[in-house]
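# Structural characterization, general
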Amino acid sequence: PRQRGRRIRPLVEIRDGFDRSTEDAPAVKTVMDRDPVSVSPDTPTLEAIDLMRHHRVTCLPVVSEGKLVGIVSESDFMSIAYELLEGRHGALDKSGDKDGSE
């Protein structure tokens, strides 16, 4: 759900698309989302990821007390995903054994 009552500036997604010609490109205000989904600094990581997936966005503004304090993007979650996958699968050797024995 979008956070109601939070005053933040709209967000533009890269995939909102426009011609690469700068002369004919529309102004940002014509493609930006005026009511972007946002999260607070205390939002759980999984909830933020769920919001990004549900709303099909690649980033979320992070808002505290009505002010933009940051932005979280898909790439910010890559290190977490890597660590989780490495922890789960990193101990496997090429044969698929967790301890290297057969």
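Keep in mind it's a predicted model, so treat the numbers as computed, not measured. (Residues numbered from 1 in each chain as written. Predicted model: local features only at pLDDT ≥ 70, side-chain atom pairs only at ≥ 80, totals over all residues. Heavy atoms only, no water.)

### Regarding the overall build of the chain
This is how the line gets drawn: For helices the rule is a DSSP run of H or I covering at least 4 residues; for strands it is a run of E covering at least 2, with both sets numbered from the N terminus onward. Note on contacts: a residue pair is in contact if any heavy atoms of the two residues lie within 4.5 Å. The protein chains shown are the only cover counted for residues, whose accessible areas, like all others here, come from Shrake-Rupley with a 1.4 Å probe.
Across its full length, the chain holds two helices and two strands. Start at the N end of the chain and walk to the C end: the helices and strands fall as α-β-β-α. Within the chain, counting contacts between residues at least 6 apart in sequence, those at least 24 apart form 45% of the total. Carbon and sulfur atoms make up 51% of the accessible area of the chain, which amounts to about 8300 Å² in all.

### Points about the pairing of strand β1 (residues 59–64)
Quick reminder of the rule: Each residue gets one of three labels from its accessible area relative to the maximum for its type: buried under 20%, exposed over 50%, partly exposed in between, using a 1.4 Å probe on protein chains only. Pairing between two strands is assigned when DSSP locates at least 2 bridges connecting them.
For β1, the buried fraction is high: five of the six residues fall into the buried class. With six bridges connecting them, β1 and strand β2 (residues 67–73) associate as antiparallel partners. Among the inter-strand pairings, Val-63 is bridged to a residue of β2, identified as Leu-68. Linking β1 to β2, which pair antiparallel, is a turn of two residues; within it Glu-65 sits at a positive phi near 50°.

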